[in-house]
Structures are given as C-alpha cells and as structure tokens.
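So you can see what is in the structure, the chains are spelled out below.
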Amino acid sequence: VQLQASGGGLVQAGGSLRLSCAASGDTFSRYSMGWFRQAPGKEREFVAAISWTGGSTYYADSVKGRFTISRDNAKNTVYLQMNSLKSEDTAVYYCACSRSRWVPDSNKARYDYWGQGTQVTVSS
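Remember, predicted model here, so these are calculated numbers, not experimental data. (Residues numbered from 1 in each chain as written. Predicted model: local features only at pLDDT ≥ 70, side-chain atom pairs only at ≥ 80, totals over all residues. Heavy atoms only, no water.)

Enquirer: I'm lost on the environment of Ser16 in this one. Help?
Expert: As for its position among the elements, Ser16 is in the loop between strand S2 (9–12) and strand S3 (17–24). A residue is classified by how much of its surface remains accessible, and Ser16, at 40% relative accessible area, is partly exposed. Sequence spacing of Ser16 and Asp72 is 56 residues, and the spatial spacing of their C-alpha atoms is 20 Å. The residues contacting Ser16, other than those within four sequence positions of it, are Val11, Gln81, Met82, Asn83, Ser84 and Leu85. A polar atom in the side chain of Ser16 sits 2.9 Å from the side chain of Asn83. (Helix = DSSP H or I, 4+ residues; strand = E, 2+ residues; numbered from the N terminus. Buried < 20%, exposed > 50% of the residue type's maximum accessible area, 1.4 Å probe, protein only. Contact = heavy atoms within 4.5 Å. Polar contact = N/O pair within 3.5 Å; in protein donor to acceptor, adjacent residues only side chain to side chain.)

Enquirer: What am I meant to see in empty space enclosed by the protein here?
Expert: In this approach, a probe sized like a water molecule rolls over the atoms, and the result shows the empty space that is left. Across all of its chains, the model carries 1 cavity of 30 Å³ or more by this definition. Here the largest cavity is characterised by a volume of approximately 50 Å³. Along its surface, the largest cavity is lined by Ser32, Ala49, Ser98, Ser100, Arg101, Trp102, Val103, Asp105, Arg110 and Tyr111. Residues of the lining of the largest cavity, tallied by class, amount to 4 nonpolar, 3 polar and 3 charged. (1 Å grid on protein atoms, 1.4 Å probe; cavity = no way out; pocket = protein on both sides within 12 Å on 5 of 7 lines; lining within 4 Å. Points joined across faces, edges and corners; volume = space filled by probe spheres on them. Nonpolar A, V, L, I, M, F, W, Y, C, P; charged D, E, K, R; others polar.)

Enquirer: Quick question: what am I supposed to make of the packing of aromatic side chains here?
Expert: What characterises a pair of aromatic rings is the spacing of the ring centres plus the angle enclosed by the ring planes. Tallying each qualifying case throughout the model produces 6 aromatic pairs. For the pair Phe36 and Phe46, a centre-to-centre distance of 5.6 Å together with 75 degrees between the ring planes defines the contact as edge-to-face. Of this pair, Phe36 sits in strand S4 (residues 32–38) while Phe46 sits in strand S5 (residues 45–50), placing them 10 residues apart in sequence. On the basis of relative accessibility, which here comes to 0%, the residue Phe36 falls in the buried class. According to the relative accessible area criterion, Phe46 is buried, its value standing at 8%. With a centroid separation of 5.6 Å and an interplanar angle of 35 degrees, the aromatic rings of Phe46 and Tyr58 are classed as tilted. You can see Phe46 sitting in strand S5 and its partner Tyr58 sitting in strand S6 (residues 57–59), a full 12 residues away along the chain. Among the residues examined, Tyr58 registers a relative accessible area of 31% and is labelled partly exposed. (Phe/Tyr/Trp six-rings, centres within 6.5 Å; stacked < 30°, edge-to-face > 60°.)

Enquirer: Any chance you could explain the side chain of Ser98 here in plain terms?
Expert: Locating Ser98 in the fold gives a position in strand S9 (residues 91–98). You can call Ser98 buried: its relative accessible area is 1%. A distance of 3.1 Å separates a polar atom in the side chain of Ser98 from the backbone nitrogen of Ser100. Within the local environment of Ser98, its side chain forms a polar contact with the backbone oxygen of Arg110, the two atoms lying 2.9 Å apart. Not counting residues within four places of it along the chain, the set of residues in contact with Ser98 comprises Arg30, Tyr31, Ser32, Arg110, Tyr111 and Asp112.

Given below as structure tokens:
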C-alpha cells in the first residue's frame, strides 16, 4: 500500500486546514486508517483513527472537538479536518493504515504502512 499525504501548510492560530491521504496498491476499504504527528525533538504521537467502514473513530484528547477524521472509500482517501488550530499542533503529520481488527486506541505499532508526511505550521 502506498500512502500520499497532502494539504499541509502555514496557518495562523485559530485557523483551519484539511489534510488528505490518498491510498493506492490495495483495497483501501480493508484498512483502518490513522493520523499521527511528530514535532521537532518529540516522538511521533497519535492524533486520530477511523475504522474501515468509517463508522467508528477515535481521537487523542489533545485534538478532540477540534479535529475530525473521515474517509471516502470510493476515492481511496482519508481526511483530517483541523479547526481551531494552536501553535502546539505544529508538526509533520503522517497517515498510516492498519490491517488489524479495528481497536479504538493510539497504538502506532498496529499500523503497517505509512505515508511520507506533510508539514503543518501554526503561527501564533
């Protein structure tokens, strides 16, 4: 599976961005999908995940109520709508997919394939 993330950029605090992650190479709808992020000098951390049907989602507490993960299986794409952005949201954002049974948790070891990342910078 190949994953291509896009949509990052520079935005002012309080603004919004929508990230996209396009998948190819296998049946997209078989995989649950996740978004992670990594700030300079920090470990990669979980942001949000969505089940293969899109019927279940899970969020890190730090983004709950501000970010929304969704997917369009017809377009082989997962999205991350980010609203009310804060300077602490600045990071490289990665999408990933998992062949495992859906579990609503933040375990990045569950993910099998990763995209290349897209930079999000929030200016205060």
